[in-house]
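Structure assessment
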Amino acid sequence: MIILMKQVPDAEEIFIDPVKFTLNRSQARGIINPSDENALEAALKIKDSEGGEITVISMGPPQAENAILECMGRGADRGILITDRVFAAADTYATSLTIAAAVKKVGDFDIIFAGESTTDSGTGHVGPGVAEFLGIDQVTYTVSSRIEAGMLIAERELEDGIEVVSTKPPVLVTVLINANLPRRSRLRLKIDAIKKGVEKWDHDSLNLPPEWVGIKGSPTLVGALKIPEERKRESRPIKLDEIPVLVQDLVKKGIIRTGDEA
Amino acid sequence: MVELINCVIPEHPEDYHNVFVYIEHKNGRISRGALEMLGKARELAQKLGEKAVGVAVGKNLKDIASEAESYGCDLFLGAEVTDFTGFSSVAYTEFIASFVEEHKPNIFLISGSREGRDLVSRIAIRCRTGVAADCIELDVDVPNRLLIAWRPSFGDKTIDQILCKRHRPQMITSRPGSYKMPEKIEKHTCEVKIKKVKMAKYAGEHRTLEFKQKDRLDLTSAKIIVSGGLGLGNASGFKLVKDLADSLGGQVGASRPVVDLGWIPYEHQVGQTGQTVRPKLYIAAGISGKIQHIVGMKASETIISINTDPEAPIVKFSDYFINADASKALPRLTEEIKKVIAGTPASSPG
Ligand SMILES: Cc1cc2nc3c(=O)[nH]c(=O)nc-3n(C[C@H](O)[C@H](O)[C@H](O)COP(=O)(O)OP(=O)(O)OC[C@H]3O[C@@H](n4cnc5c(N)ncnc54)[C@H](O)[C@@H]3O)c2cc1C
Ligand SMILES: Nc1ncnc2c1ncn2[C@@H]1O[C@H](COP(=O)(O)O)[C@@H](O)[C@H]1O
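Once a new chain begins, its residue numbering starts again from 1 and follows that chain's sequence as written. Chains and ligands are labelled by the order in which they are written, letters from A for the one and numbers from 1 for the other. Reporting in this predicted model follows two pLDDT cut-offs: at least 70 for local features of residues, and 80 or more for side-chain atom pairs to be given and counted; totals over whole chains, interfaces and linings ignore these cut-offs and use all residues. Remark: hydrogens and water are excluded; side-chain values derive from all non-hydrogen atoms of the structure.

**With respect to the overall build of chain A**
Counted only if it meets this: Runs of E in the DSSP output that reach at least two residues are strands. Runs of H or I that reach at least four are helices, and both are numbered from the N terminus. The buried label applies to any residue whose accessible area, calculated with a 1.4 Å probe on protein chains only, is under 20% of its type's maximum; exposed applies above 50%, and partly exposed to all values in between. Here a residue-residue contact requires only that any non-hydrogen atoms of the pair lie within 4.5 Å. Throughout, the Shrake-Rupley method with a 1.4 Å probe supplies accessible areas, and for residues the shown protein chains are the sole cover considered. For this count, His and the chain ends are skipped, Lys and Arg are scored as positive, and Asp and Glu as negative. A single reference atom marks each charge: NZ on Lys, CZ on Arg, CG on Asp, CD on Glu.
A count of helices and strands for chain A gives 6 helices and 15 strands. By its C-alpha atoms, chain A is 70 × 50 × 40 Å across when sized along the principal axes. Here chain A, with 262 residues, has 56% of them falling under the buried criterion. Long-range pairs, those at least 24 residues apart, make up 70% of the contacts in chain A between residues at least 6 apart in sequence. Approximately 11,600 Å² of chain A is accessible, and the part contributed by carbon and sulfur atoms is 51%. Mean positive and mean negative side-chain charge positions of chain A (32 and 40 charges, respectively) differ by 4 Å.

Dropping the structure here:
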């Protein structure tokens with residue numbers, strides 16, 4: 001099995017550079033993208049019952065190594081960091097292509113687990129994009145998955161219900177944040193992981209021409225930025241015995257309808 | 001296997017015309033998100049002097065086509081599935097991409113529903129083009145026939161303009177609820193072209209075994225939400241939140257830790273990893289207002305917070321701040337609201 005994991009900045013620590021109007025991510029603490037923790041857990045559950053090896057693939061800056069080690073501390077067997085300056089500013093096309101190239105290089109897999117979306121760009125496009133480049137099936141928005149007689153059986157959570165799907169691997173599965181409770185890492189496994197280390201691949205080792213990746217390989221580009229005006233709110237203090245005043249305000253605003261109108 | 005391939009620039013981008021829109025449908029009706037996109041497609045097509053073209057896959061597409069017609073669709077391209085029912089990303093991608101190849105649209109809009117987001121990335125890569133996801137504003141540079149899409153960035157700190165200058169079609173998604181529902185149009189005629197297709201040819205062994213109908217709690221369309229956080233003290237604190245929500249005819253929301261503790265199911269979670277809501281009234285009881293919660297509710301029209309800590313970050317995001325114990329403030333609010341709704345004059349100086 002392969003899991004796709006991205007290290008994302010913790011939202012709390014993101015801020016905007018007031019001069020250059022860019023997000024300053026370098027100062028933010030990195031965490032494993034939340035739904036990728038669930039993707040890893042889904043893979044670990046299958047490993048618990050069926051055995052198998054789990055390879056974590058992550059594309060990102062050198063610091064992302066920490067997040068990979070954390071995944072290995074939870075039970076992943078191998079960690080690969082795709083890292084190269086030329087990958088910078090990739091959109092989901094170029095990102096999917098780069099990750100698909102790494103999956104091809106790993107070669108042997110039956111299921112790829114990805115998170116449903118990332119919290120920092122949040123498109124949810126990379127999982128299906130990788131599946132498309134590899135020409136394999138996909139099952140998105142899963143809340144459960146298991147192997148039965150060589151088939152993957154998964155439940156997809158949609159707007160109006162749960163779809164139970166069966167398909168034959170190889171398949172890419174995306175996992176929702178409410179699918180499971182991710183386990184914690186174990187110290188012993190973490191020590192093993194540090195000993196084993198994380199492999200680092202660049203565009204050369206993936207045989208990708210630089211003009212296919214990063215900003216050059218991206219069909220979309222950011223043209224301009226607007227900073228939305230934060231709405232200023234009054235924070236009007238209300239004491240417990242002023243609650244009737246507050247409720248009258250809500251009536252005036254048309255939020256509450258009174259018996260007289262009804 | 002689809003080969004890894006660079007996003008090839010089409011040789012004649014000027015040959016790409018019209019605005020495609022993916023017509024998602026369930027139980028014989030076009031879904032709300034797709035109708036919003038159809039409204040947008042019509043708007044853009046009119047500015048460009050082009051056609052709004054609906055593309056759909058599934059069964060009974062004639063009925064879907066006539067609903068699309070009533071919302072201003074000019075041309076309807078359907079892939080009528082004649083073998084089994086169910087959904088397969090691979091097969092749907094194949095059918096839709098074949099329409100793209102044949103008709104060469106300049107713009108392609110897909111609702112960011114679960115189905116839309118499942119498909120859009122595959123379709124875009126199949127067509128060697130890019131996607132701007134979750135756009136909230138669309139415009140068009142008419143002379144250059146360039147789509148100008150705006151999407152909020154991480155944590156809504158900026159709104160980014162996304163362009164796809166050289167590749168075609170220019171694809172975007174928007175979350176359902178991002179735009180107004182379009183009006184129906186009287187006496188519009190739509191050309192309908194439906195071809196028969198078989199899923200089995202592309203879906204491999206992918207099958208839908210069962211569908212368990214269950215409406216997910218949709219906080220995104222709630223008018224009033226009362227949310228509780230760790231400050232409620234324990235799971236039974238949610239009873240007070242529920243009582244207040246009931247008195248207002250609203251829904252119950254929650255912060256993440258109380259979901260993690262199992263006080264309330266995940267479907268109630270508001271925030272970065274929960275739902276993004278914009279009700280008329282949002283009441284946050286015992287919630288500190290960490291950024292991951294704020295991004296999910298700050299677009300609410302009126303915000304009331306209840307917190308024992310006057311320094312809590314939620315305070316500056318609030319229109320009203322009740323500095324009190326939630327176990328006291330919540331029942332007082334409920335009682336007063338019930339009185340007012342029943343028509344008894346309020347017992348207050350206001
Ligand atoms: C990647 C990531 C994603 C996250 N996603 C989300 C998300 O989607 N949604 C979310 O909510 N959080 C999310 N979080 C968690 C978030 O950072 C905060 O931990 C969380 O929002 C805090 O919840 P809380 O306000 O209920 O608890 P606390 O921060 O502990 O606040 C409790 C508040 O209750 C007040 N209080 C205490 N006693 C009383 C009383 N008797 N009456 C009234 N008030 C009282 C306290 O003063 C305090 O302000 C995420 C975190 C991470 C790292
Ligand atoms: N840089 C990356 N490295 C590894 N996996 C990624 C990367 N970006 C996205 N993914 C995977 O794709 C999923 C969807 O990401 P996104 O399309 O960015 O919302 C994530 O949850 C990850 O599993």
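Now that the structure has been shown, the text picks up again.
**Details of helix α3 (residues 89-103) of chain B**
As a reminder of what qualifies: To estimate how far a helix should extend, the number of its residues minus one is multiplied by 1.5 Å.
Compared with an ideal rise of 1.5 Å per residue, which puts 15 residues at 21 Å, α3(B) spans 21 Å between its outermost C-alpha atoms and is within 8% of the ideal. Taken together, the buried positions of α3(B) are occupied by S89(B), V90(B), A91(B), Y92(B), T93(B), F95(B), I96(B), A97(B), F99(B) and V100(B).

**A closer look at the interface of chain A and chain B**
To be explicit about the condition: For any pair of parts, buried area is found by adding up, for both, the accessible area (1.4 Å probe) each one loses once the two are put together. A side-chain nitrogen of Lys or Arg and a carboxyl oxygen of Asp or Glu constitute a salt bridge if their distance falls within 4 Å. Any pair of nitrogen or oxygen atoms within 3.5 Å is treated as a polar contact; in protein, a donor-acceptor pairing is required on top of that, and neighbouring residues in sequence qualify only through side-chain atoms on both sides.
Taken together, the contact pairs 95 residues of chain A with 96 residues of chain B. In this assembly, chain A packs against chain B so that about 8,600 Å² is buried in total across both faces, 58% of it on carbon and sulfur atoms. Linking chain A with chain B are 10 salt bridges. R114(B) is the salt-bridge partner of E157(A), the closest N and O atoms lying 3.3 Å from each other. Across the contact surface, chain A and chain B share 45 residue pairs in polar contact (both at pLDDT 80 or more). Of all the secondary-structure elements, those providing two or more residues to the side of chain A that touches chain B are α3 (92-106), α4 (126-134), β9 (137-148), β10 (151-158), β11 (161-167), β14 (221-226), β15 (236-238) and α6 (243-252) of chain A. Looking at the side of chain A that touches chain B, the element that brings in the most residues is α6(A), giving 9 residues.

**Some details on the site of ligand 2**
Residues and elements named next belong to chain A. To keep things clear, this is the line we draw: Here a residue counts as near a molecule or strand whenever at least one of its heavy atoms sits within 4 Å of it. Note on residue classes: Ala, Val, Leu, Ile, Met, Phe, Trp, Tyr, Cys and Pro are nonpolar, Asp, Glu, Lys and Arg are charged, and everything else, Gly too, is polar.
Neighbouring ligand 2 are 20 residues; L4, D36, T118, G124 and H125 lie closest to it. Note that an oxygen atom of ligand 2 is positioned 2.9 Å from one of the backbone N or O atoms of V126. Relative to its free-state accessible area of 480 Å², ligand 2 is covered by the protein chains to the extent of 98%. Of all the secondary-structure elements, those providing two or more residues to the shell around ligand 2 are β6 (55-59), β8 (111-115) and α4. Per element, the largest residue contribution to the shell around ligand 2 is 3 residues, and it comes from β6. Each residue belonging to the shell around ligand 2 can be placed in one class, and the counts come to 7 nonpolar, 11 polar and 2 charged.

**Here's the deal with the pairing of strand β12 (residues 171-175) of chain A**
All names here are of chain A. Defined as follows: Any two strands between which DSSP finds at least two bridges are classified as paired.
Counting buried residues along β12, 5 of its 5 residues qualify, which places the element largely inside the surrounding structure. On β12, burial covers both faces: V171, V173 and V175 on one face and L172 and T174 on the other are all buried. Direction of pairing for β8 relative to β12: parallel, over a ladder of 5 bridges. Residue A114 lies in a different strand from β12, and its bridge partner there is T174. Note: β9 against β12, 4 bridges, orientation parallel. Residue pairing for β12: V139 is matched across the bridge by V173.

**Some words on the nonpolar core**
Counted only if it meets this: Remark: nonpolar core denotes a set of buried residues (Ala, Val, Leu, Ile, Met, Phe, Trp, Tyr, Cys) joined through side-chain atoms within 4.5 Å.
Counting 35 residues, the largest nonpolar core has L248(B), I306(B), I322(B) and L333(B) as the members making the most contacts within it. Those residues in contact with L248(B) that sit more than four places away from it in its chain are I256(A), I224(B), V226(B), L281(B), I283(B) and I337(B). Judged by nonpolar contacts, the second largest core, of 33 residues, contains V19(B), I30(B), M37(B) and A149(B).

**A short note on the pattern of salt bridges**
By the definition in use, this model includes 38 salt bridges over all chains. As a salt-bridge pair, E36(B) and R32(B) come within 2.7 Å of each other at their nearest N and O atoms. Residue E36(B) and its partner R32(B) are both found in helix α1 (residues 32-48); the two are separated by 4 residues, about one turn of the helix. Of the charged contacts in the structure, one is a salt bridge between R175(B) and D134(B), with a shortest N-O distance of 2.9 Å. Taken as a pair, R175(B) in the loop between β11 (170-174) and β12 (191-197) and D134(B) in the loop between β7 (131-132) and β8 (137-141) lie far apart in primary sequence, 41 residues in all. By relative accessible area, which is 37% here, R175(B) ends up partly exposed. Here D134(B) falls in the buried class, since its relative accessible area comes to 10%. Several salt bridges share partner residues, and in doing so they unite E37(A), E70(A), R74(A) and K190(A) into one network.

**What about the environment of F87(B)?**
On the secondary structure map, F87(B) appears in the loop between β5 (75-81) and α3. What makes F87(B) buried here is its relative accessible area of 11%. As a C-alpha pair, F87(B) and V57(B) span 30 residues in sequence and 9.6 Å in three-dimensional space. Filtering out sequence-adjacent residues up to four positions away, F87(B) remains in contact with R156(A), E163(A), Y92(B), E115(B), D118(B), L119(B), M199(B), H206(B) and T208(B).

**Structural notes on unusual backbone geometry**
In this structure, P170(A) follows P169(A) across a cis peptide bond, with omega equal to 5°. Locating P170(A) in the fold gives a position in the loop between β11 and β12. A cis amide bond links R168(B) with the next residue in sequence, P169(B), at an omega value of -5°. Position of P169(B) among the secondary structure elements: in the loop between β10 (159-163) and β11. The phi dihedral of N207(A) is positive, around 60°, even though this residue is not glycine. Take N207(A): it is sitting in the loop between β13 (199-201) and β14. Here S235(A), not a glycine, exhibits a phi torsion of approximately 50°, which is positive. Within the secondary structure, S235(A) sits in the loop between β14 and β15. Relative accessible area serves as the criterion here: at 19%, S235(A) is assigned to the buried category.

**Brief notes about the site of ligand 1**
Around ligand 1, the surrounding shell holds 27 residues, and the nearest of these are S255(B), T273(B), S288(B), Q292(B) and N307(B). Mapping the residues near ligand 1 onto chains gives chains A and B. Between ligand 1 and S288(B), the relevant distance is 2.6 Å, taken from an oxygen atom to a side-chain nitrogen or oxygen of the residue. At 2.8 Å, a side-chain N or O of H293(B) approaches an oxygen atom of ligand 1. About the coverage of ligand 1: the protein hides 79% of its 990 Å² of free accessible area. Looking at the shell around ligand 1, the elements that each hand over two or more residues are α7 (256-260) and α8 (291-294) of chain B. Across the shell around ligand 1, the residue classes tally to 9 nonpolar, 14 polar and 4 charged.

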